[in-house]
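Observations on the three-dimensional arrangement
Read off the chains here:
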Amino acid sequence: LIPHTTHSLVGVATICMVVVQYVIGVAKIKSNQQHSRHKFHGVAGKLTYDLAMLAIVTGCLEFLPWTPYNLGVVFSFWLLWLSIQLQHRLSQRKEQSESGKERSGSDIGRGGGGSDQSDDNDNSRDR
């Protein structure tokens, strides 16, 4: 029952993270809050995925013979992991640039980003 290999240690950690993700996900759904206090849920999900991929790769490297085919399988899992990481980073940049555009657009509608308040303060002093 006690894990002795790298593959089994990473696998147990992955299973624990899946259980934690499930519990937090259910709590997040039940709370019905837009700004939840479970902000780490997304980061923990990425960590869980990374651990699962690491468990697969370590399992292949520990238990399969070192043939070109098996190394190709490990390499393909690594490429899959890398492509998902890159896709996630690109989507984060896109969200950041879109939120920046929304903020700058709302600033234009207000008259240049908070200068109205300082103008009001200046006018009240003149009165």
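Thresholds applied
- Residues numbered from 1 in each chain as written.
- Predicted model: local features only at pLDDT ≥ 70, side-chain atom pairs only at ≥ 80, totals over all residues.
- Heavy atoms only, no water.
- Patch = residues over 30% accessible without salt bridge, like charges linked within 9 Å, V, L, I, M, F, W, Y side chains within 5 Å.
- Areas by Shrake-Rupley, 256 points an atom, 1.4 Å probe, with all protein chains shown as cover.
- Salt bridge = Lys/Arg side-chain N within 4 Å of Asp/Glu carboxyl O.
- Helix = DSSP H or I, 4+ residues; strand = E, 2+ residues; numbered from the N terminus.
- Buried < 20%, exposed > 50% of the residue type's maximum accessible area, 1.4 Å probe, protein only.
- Core = buried A, V, L, I, M, F, W, Y, C linked by side-chain atoms within 4.5 Å.
- Contact = heavy atoms within 4.5 Å.
- Axes fitted to C-alpha atoms, helices over the stretch in contact; angles between N-to-C directions.
- Parallel < 35°, antiparallel > 145°, perpendicular 65-115°, else oblique.
- Left-handed = near helix turned anticlockwise from the far one by under 90°.
- Nonpolar A, V, L, I, M, F, W, Y, C, P; charged D, E, K, R; others polar.
- Expected span 1.5 Å × (residues − 1).
- Phe/Tyr/Trp six-rings, centres within 6.5 Å; stacked < 30°, edge-to-face > 60°.
- pLDDT = per-residue confidence, 0-100.

1. Points about a nonpolar patch on the surface
Taken together, Ile15, Val19, Tyr22 and Val23 make up a surface patch of nonpolar side chains, about 440 Å² in accessible area. Inspection of the secondary structure assignment puts isoleucine 15 in helix H1 (residues 6–31). Take isoleucine 15: its relative accessible area is 57%, and that puts it in the exposed class.

2. A word on the environment of serine 76
Assignment of secondary structure puts serine 76 in helix H3 (residues 68–110). Taking relative accessible area as the criterion, serine 76 reaches 38% and is therefore assigned partly exposed. As for serine 76 and valine 57, which are separated by 19 residues in sequence, their C-alpha atoms are 9.9 Å apart.

3. Observations regarding the nonpolar core
In this structure, Val10, Met17, Ala44, Leu51 and Ala55 together form the largest nonpolar core, which totals 5 residues. Counting residues per element, the ones that place at least two in this core are H1 and helix H2 (41–63). In terms of residue count, the dominant contributor to this core is H2 (3 residues). Beyond its immediate sequence surroundings of up to four residues, valine 10 is in contact with Leu51, Leu54 and Ala55.

4. Re the packing of H1 against H2
Direction vectors running N to C along H1 and H2 enclose 155°, while the axes themselves pass 8 Å from each other. Viewed along their axes, H1 and H2 adopt a mutual orientation that is roughly antiparallel. Crossing of H1 against H2: the hand is left-handed. Across the contact of H1 with H2, the residue classes tally to 12 nonpolar, 11 polar and 2 charged.

5. A closer look at H2
Here H2 is 23 residues long and its end C-alpha atoms lie 32 Å apart, about the 33 Å a rise of 1.5 Å per residue gives. The set of residues buried in H2 consists of His41, Ala44, Thr48, Leu51, Met53, Ala55, Val57, Thr58, Gly59 and Cys60.

6. Notes on the packing of aromatic side chains
Evaluated as defined, the whole model comprises 1 aromatic pair. Between phenylalanine 75 and tryptophan 78, the aromatic rings sit 5.8 Å apart at their centres with planes inclined by 25°, giving stacked as the arrangement. A residue pair is termed a helical-turn pair when its members lie 3 or 4 positions apart in one helix, as phenylalanine 75 and tryptophan 78 do in helix H3 at 3 residues. Note on tryptophan 78: relative accessible area 42%, which makes it partly exposed.

7. Remarks on the confidence of the model for the chain
Across the chain, pLDDT averages 78, with 75% of residues at or above 70. Across the chain, the secondary-structure element scoring lowest on mean pLDDT is helix H4 (residues 115–126), at 44, and the one scoring highest is H1, at 90. Counted against residues more than four places away or in other chains, residues 111–127, with its pLDDT under 50, gives 4 contacts.

8. Here we look at H1
Along its 26 residues, H1 runs 37 Å from first to last C-alpha, staying within 8% of the 38 Å computed at 1.5 Å per residue. Those residues of H1 that fall on the buried side of the exposure criterion are Val10, Gly11, Thr14, Met17, Gln21, Ile24 and Gly25. For H1, the secondary structure elements touched by its buried residues are H2. Residue asparagine 32 follows H1 closely and has a positive phi angle near 55°.

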